[in-house]
Amino acid sequence: KTIPATLIPGDGIGPEIMDAVTEILDAVGAPFAWDKQLAGMAAVDATGNPLPPQTIDSIRRTGLALKSPLTTPVGGGFKSINVTLRQEFGLYANLRPTRTFVPGARFDKIDLVLVRENLEGYYAAMESYIPVGDDPHGIATGAGYNSRAECNRIVRFAFEYAVKHGRKKVTLVHKANILKLLTGLFLEEGRKVAKEYEGRVECNERIVDACAMQLVIDPWQYDVIVTTNLFGDILSDLTAGLVGGLGMAPGANIGEKAAVFEAVHGSAPDIAGKNLANPLALLLAANMMLEHIGRDDLSARIESGIRAVIKKPELLTRDLGGKSGTREFTAALKQHLV
Ligand code: NAI
Ligand code: MG
């Protein structure tokens, strides 16, 4: 039985890494029936709109999308496509696993997951200026909000994820000592949800600044981290840095009716079209998508292939110190699938 899914080849290196990923997915017999749609610059060139209604309709229909990086058009007043997608489909949870694949990065044997609330907090961006004297921008203000319902939902998502993936501990990351209401509500709901999982999943708490320090000193103490929007944005780049940067960092944006899977990196215009791009971040995102539809068997096969090919560093792409181009690497990985 096939599963309809939207495929967005994207901009820059997007089409190259998407070709590599679909080749690997085909090789293991992944059941996706792709509906190819445009977004980003490719869509601007074809339709004048960076996120055409057909693309939105497709995701509404399939509830599932694999998306290559998009070049954000500069100027022209386009709203960020990622933000539009999150709002349109209520993609409230941003899931970013961080694992060591290539040894010798800043830290070894890292295996943690960060869950970021994706819709509320300070990224509501309710900003304004207050004039001071003759400076109309003398003071800049910003407000944020967190709703009880959303705090409950995001923490519950993290605990459910922990249960489903056999993880032992969830850390609530907050700043409730200073932002007593805004992030205090998150902590209050977090503790409430944690009670329901007592005996199954351990729960602890960290203030966000201390968490940042602990992540650099002793990242192994963390298992699943759940936090509000702004803190999650910053900490998830930090966790990617623990294992050597964005080269192998996948992400998922998950809502109740749709889920969008992507690499964390951008469209890398500097190396686009040169057969230099590393497709692993997008491939790991595709693996998360396989797990999302319950095909952990297929993601496990791809993952063992990745781990096998990584043992031969010369087969990797250049960003990981190897000698392969995108196509040569993809062919090598295919040979290491069992
Ligand atoms: P970038 O992530 O595209 O590139 C940063 C550096 O990493 C470049 O030197 C690039 O060559 C390298 N790099 C990135 N991915 C790579 C890969 N798979 N293999 C090998 N090397 C890789 O970030 P940058 O340059 O800031 O942004 C470029 C464009 O991408 C911008 O238009 C930006 O708005 C967009 N972008 C889109 C995202 C998305 O659609 N989710 C996320 C981040 C940026
Ligand atoms: Mg970010």
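Starting from 1, residues in each chain are numbered consecutively following that chain's sequence as written. Chain letters and ligand numbers both follow the written order, the letters beginning at A and the numbers at 1. pLDDT decides what is reported in this predicted model: residues at 70 or higher carry local features, side-chain atom pairs at 80 or more are listed and counted, and totals for whole chains, interfaces and linings draw on all residues regardless.

Section: unusual backbone geometry
Part 1 of the reasoning: For Lys109, which is not glycine, the phi dihedral falls at a positive 60°.
Part 2 of the reasoning: Numbering of helices and strands runs from the N terminus; a helix is a DSSP stretch of H or I covering at least four residues, while a strand is a stretch of E covering at least two. Topologically, Lys109 is positioned in the loop between strand E4 (93-99) and strand E5 (111-117).
Part 3 of the reasoning: Among the residues examined, Lys109 registers 10 C-beta atoms within 10 Å and is labelled exposed.
Part 4 of the reasoning: One non-glycine residue, Ala268, lies in positive phi territory at about 40°.
Part 5 of the reasoning: Among the secondary structure elements, Ala268 is positioned in the loop between strand E12 (259-263) and helix H9 (280-292).
Part 6 of the reasoning: The class of Ala268 is buried, set by 22 C-beta atoms lying within 10 Å. Around each residue's C-beta, the other C-beta atoms within 10 Å are counted; 20 or more make the residue buried, 12 or fewer make it exposed, and counts in between make it partly exposed. All C-beta atoms are placed from the backbone.

A short note on helix H6 (residues 184-196)
An α-helix turns once per 3.6 residues; consequently, residues spaced three or four apart project the same way.
Part 1 of the reasoning: Taking 1.5 Å as the rise per residue, H6 with 13 residues should run 18 Å; its terminal C-alpha atoms sit 19 Å apart, in good agreement.
Part 2 of the reasoning: Within the span of H6, buried status applies to Leu185, Phe186, Leu187, Glu189, Gly190, Val193 and Ala194.
Part 3 of the reasoning: By definition, residues are in contact whenever their C-beta atoms, placed on the basis of the backbone, come within 7 Å of each other. The inward-facing, buried residues of H6 abut helix H5 (148-164), strand E8 (169-174) and strand E9 (202-207). Given the number of residues in a helix, its expected span is that number minus one, multiplied by 1.5 Å.

Topic: the domain arrangement of the protein chain
Part 1 of the reasoning: Once the domains are mapped, the protein chain shows domain 1 (1-90 + 257-338) and domain 2 (102-246).
Part 2 of the reasoning: When the residues that make up the side of domain 1 that touches domain 2 are grouped by side-chain class, the tally is 4 nonpolar, 1 polar and 1 charged. Where each domain begins and ends follows an automated or database-derived domain assignment. All residues other than Ala, Val, Leu, Ile, Met, Phe, Trp, Tyr, Cys, Pro, Asp, Glu, Lys and Arg, Gly among them, are scored as polar; the first ten of these are nonpolar and the last four charged.

Topic: helix H3 (residues 53-62)
Part 1 of the reasoning: Three or more residues of H3 are buried, namely Thr55, Ser58, Ile59 and Thr62. All buried residues of H3 lie within an arc of 95° about the axis, which places them on one face of the element. Looking at H3, the residues exposed on the side facing more than 90 degrees away from the buried face are Pro53 and Arg61.
Part 2 of the reasoning: Of the surrounding secondary structure, the elements contacted by the buried residues of H3 are strand E1 (3-8), strand E2 (32-36), helix H2 (41-47), strand E3 (64-67) and helix H4 (81-89).
Part 3 of the reasoning: Where H3 ends, the next residue or the one after it, Gly63, has phi of about 70°, a positive value. Taking the helix axis as origin, the arc is that swept by the directions to the C-beta atoms.

As for the packing of helix H7 (residues 208-217) against helix H8 (residues 229-242)
Part 1 of the reasoning: Simply put, an axis is a line fit to the C-alpha atoms, just over the touching stretch for a helix, and the angle between two N-to-C directions goes from 0 to 180 degrees. It is at 10 Å that the axes of H7 and H8 come closest, and there the two elements cross at 5°. Judged by the inter-axis angle, H7 sits roughly parallel to H8. Contacts between H7 and H8 involve Val208, Cys211, Ala212 and Leu215 from the former and Phe231, Leu235, Leu238, Thr239 and Leu242 from the latter.
Part 2 of the reasoning: Looking at the contact of H7 with H8 residue by residue, the class counts come to 8 nonpolar, 1 polar and no charged. Oblique is the label for every angle not falling under 35 degrees (roughly parallel), over 145 degrees (roughly antiparallel), or within 65 to 115 degrees (roughly perpendicular).

Here we look at the site of ligand 1
Part 1 of the reasoning: We count a residue as near a molecule or strand when its backbone-placed C-beta atom lies within 6 Å of that partner. Taken together, 20 residues sit near ligand 1, with Thr72, His265, Gly266, Ala268 and Asn278 positioned nearest.
Part 2 of the reasoning: Of the residues assigned to the shell around ligand 1, the class counts are 10 nonpolar, 7 polar and 3 charged.

A look at the sheet that holds E1
Part 1 of the reasoning: Here a strand pair is declared whenever DSSP counts at least two bridges between the two strands. The sheet built from 10 strands is open, its strands ordered E2-E1-E3-E12-E11-E4-E5-E10-E8-E9 with mixed pairing. Of all the strands in the sheet, the pair left with one neighbour each is E2 and E9. On average, each strand axis in the sheet is inclined to that of its neighbour by 25°, with strand direction left out of account.
Part 2 of the reasoning: Strand direction decides the pairing type here: E4 and E5, joined by 7 bridges, are antiparallel. The partner of Pro97 across the bridge, within E5, is Val113.
Part 3 of the reasoning: In this fold H9 packs onto E3, strand E11 (250-254) and E12, with an angle of close to 155° to the strand it touches most, E12.

Considering the pairing of E2
Part 1 of the reasoning: As paired elements, E1 and E2 share 5 bridges and run parallel to each other. Looking at E2, one finds that Thr6 is bridged to Asp35.
Part 2 of the reasoning: Classification remark: right-handed applies to a crossover when, strands pointing away from the viewer, the course from the first strand over the helix to the second runs clockwise. Since E1 and E2 lie parallel, the crossover through helix H1 (residues 14-27) that links them has a hand, and here it is right-handed.

Regarding the nonpolar core
Part 1 of the reasoning: Think of a nonpolar core as buried Ala, Val, Leu, Ile, Met, Phe, Trp, Tyr and Cys residues, each tied to the set through C-beta atoms within 7 Å. In this structure, Val115, Ala158, Val226, Ala285 and Ala286 are the most contacted members of the largest nonpolar core, which totals 93 residues.
Part 2 of the reasoning: A total of 10 residues in this core trace back to one element, the largest contributor, which is H9.
Part 3 of the reasoning: Looking at which domains feed residues into this core, each of domain 1 (1-90 + 257-338) and domain 2 (102-246) supplies at least three.

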